[in-house]
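Working through the structure, step by step
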Amino acid sequence: MLEPDIEVLRSEAAIRAVVLRYCRAIDRRDFDLVRECYHHDATDEHGSFSGTVDEYVKWVRTLLAKYSMTMHFVGNLLVELDGPDEARVETYGIATHRGDPSEPTLNLTTGFRFIDRFQRRSTDAGADWRISRRVATTEWSRVEDPTSWWEPPASFRRGSHDRDDPVYRV
């Protein structure tokens, strides 16, 4: 039986962590953390947007302001290393968005894929894996009936879109 290359496993784990941090950052509206998931010269094609990472962060901040809640789930995540410092990564996911009930198209669930080029480059913190190019595909989308949402009681702990969220405090 072959033993897995420890460096391959470390790289795959580091890349998966970036994808998961990105989802947290989007859902928590932590735009500094979104930015940290990308290399400084990265590009992103995301729905109607295509541009640099700095332009993307500005665009997604405006887009997310339309929603009272988003929640991203990732499933299949395939990392294919192209040498020690390059990887192709395909991530399947589902995202739920909740917006103004009077605008049904702002209440939707979408199936997506992130098709990423990751690179490991030297940074101030050492050698970090980050996104250098992202193409986000929309595989399907359905509008949710906004009247079907159940509003949790005020006594339930809720998440927030800032550093007051419990994930930053536990």
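Report on the accompanying structure. (Residues numbered from 1 in each chain as written. Predicted model: local features only at pLDDT ≥ 70, side-chain atom pairs only at ≥ 80, totals over all residues. Heavy atoms only, no water.)

1. Notes on the pattern of salt bridges
Short version of the rule: A pairing counts as a salt bridge when a side-chain nitrogen of Lys or Arg comes within 4 Å of a carboxyl oxygen of Asp or Glu. Note on conventions: DSSP H or I runs of at least 4 residues are helices, E runs of at least 2 residues are strands, and numbering of each starts at the N terminus.
Scanning the entire structure with this criterion turns up 20 salt bridges. Notably, a salt bridge pairs Glu7 with Arg120, separated by 2.7 Å at the nearest N-O pair. Taken together, the residues Glu7 in helix H1 (residues 6-28) and Arg120 in strand E5 (residues 108-123) connect sequence positions 113 residues apart. The shortest N-O distance in the salt bridge between Glu139 and Arg113 comes to 3.0 Å. On the criterion of sequence distance, the pair formed by Glu139 in strand E6 (residues 126-143) and Arg113 in strand E5 is long-range, its members being 26 residues apart. Because the salt bridges share partners, they merge into one network encompassing Glu80, Asp82, Glu86, Arg88 and Arg117.

2. Focus: the pairing of strand E3 (residues 67-81)
The condition is simple: Strand pairing requires that DSSP identify at least two bridges connecting the strands.
Sheet topology places E3 next to strand E4 (residues 86-99); 12 bridges connect them, and they run antiparallel. The residue of E4 that forms the bridge with Tyr67 is Gly99. If you look at the hairpin formed by E3 and E4, you'll find 4 residues sitting between the two strands, and Gly83 has a positive phi there, around 100 degrees.

3. A few points about the nonpolar core
Selection rule: For the purposes of this section, nonpolar cores are sets of buried Ala, Val, Leu, Ile, Met, Phe, Trp, Tyr and Cys residues that join through side-chain atoms within 4.5 Å. Note on classification: 1.4 Å probe, protein chains only; a residue is buried when its accessible area is under 20% of the maximum for its type, exposed when over 50%, partly exposed between these limits. Throughout, a contact is declared for two residues whenever any of their heavy atoms are within 4.5 Å.
Counting 30 residues, the largest nonpolar core has Tyr22, Val34, Tyr38, Tyr56 and Phe118 as its most contacted members. Among the secondary structure elements, those contributing two or more residues to this core are H1, helix H2 (31-36), strand E1 (38-46), helix H3 (53-64), E3, E4, E5 and E6. With near-sequence residues (within four places) excluded, Tyr22 lies in contact with Val34, Cys37, Tyr38, His46, Tyr56, Phe114 and Arg134.

4. What to know about the layout of surface pockets
Put simply, the test is: The method works on a 1 Å grid over the protein atoms by themselves. A cavity is a set of points holding a 1.4 Å probe that cannot get out, a pocket is an open set with protein on both sides within 12 Å along at least five of seven lines, and residues with an atom within 4 Å of a point line them. Grid points are joined across faces, edges and corners, and a volume is the space filled by probe spheres set on the points. Charged means Asp, Glu, Lys or Arg here, nonpolar means Ala, Val, Leu, Ile, Met, Phe, Trp, Tyr, Cys or Pro, and polar covers whatever is left, Gly included.
The computed volume of the largest pocket comes to approximately 470 Å³. Taken together, 22 residues form the lining of the largest pocket, with His46, Leu63, His97, Thr110 and Thr138 sitting closest to its centre. Listing elements by their share of the lining of the largest pocket, those giving two or more residues are H1, H3, E3, E4, E5 and E6. Ranked by the residues each element gives to the lining of the largest pocket, the list is headed by H3, at 5 residues. Element by element, the count of residues in the lining of the second largest pocket is highest for E3, at 4 residues. Tallied by class, the residues present in the lining of the second largest pocket amount to 5 nonpolar, 5 polar and 4 charged.

5. Digging into the environment of Ser148
In plain terms, the rule: A 3.5 Å cut-off defines polar contacts: any pair of N or O atoms within that distance qualifies, except that in protein one atom must be a possible hydrogen donor and the other a possible acceptor, and neighbouring residues in sequence count only when both atoms are side-chain atoms.
Note on placement: Ser148 falls in the segment after E6. When the C-alpha positions of Ser148 and Asp124 are compared, they lie 48 Å apart, and in sequence the two are 24 residues distant. Within the structure, the side chain of Ser148 is placed 2.7 Å from the backbone oxygen of Asp145, a separation counted as a polar contact.

6. Topic: a nonpolar patch on the surface
The test is simple: Only residues whose relative accessible area exceeds 30% and that form no salt bridge are eligible for patches; like-charged ones are grouped when within 9 Å, while nonpolar side chains (Val, Leu, Ile, Met, Phe, Trp, Tyr) are grouped when within 5 Å. Only the protein chains shown count as cover for residues, with accessible areas throughout obtained via the Shrake-Rupley method and a probe of 1.4 Å.
Nonpolar side chains collect at one region of the surface, where Met71, Phe73, Ile94 and Trp140 lie side by side and expose about 390 Å² of accessible area between them. Here Ile94 lies in strand E4. Residue Ile94 is classed as partly exposed on the basis of its relative accessible area of 37%.

Geometry only, nothing functional implied.
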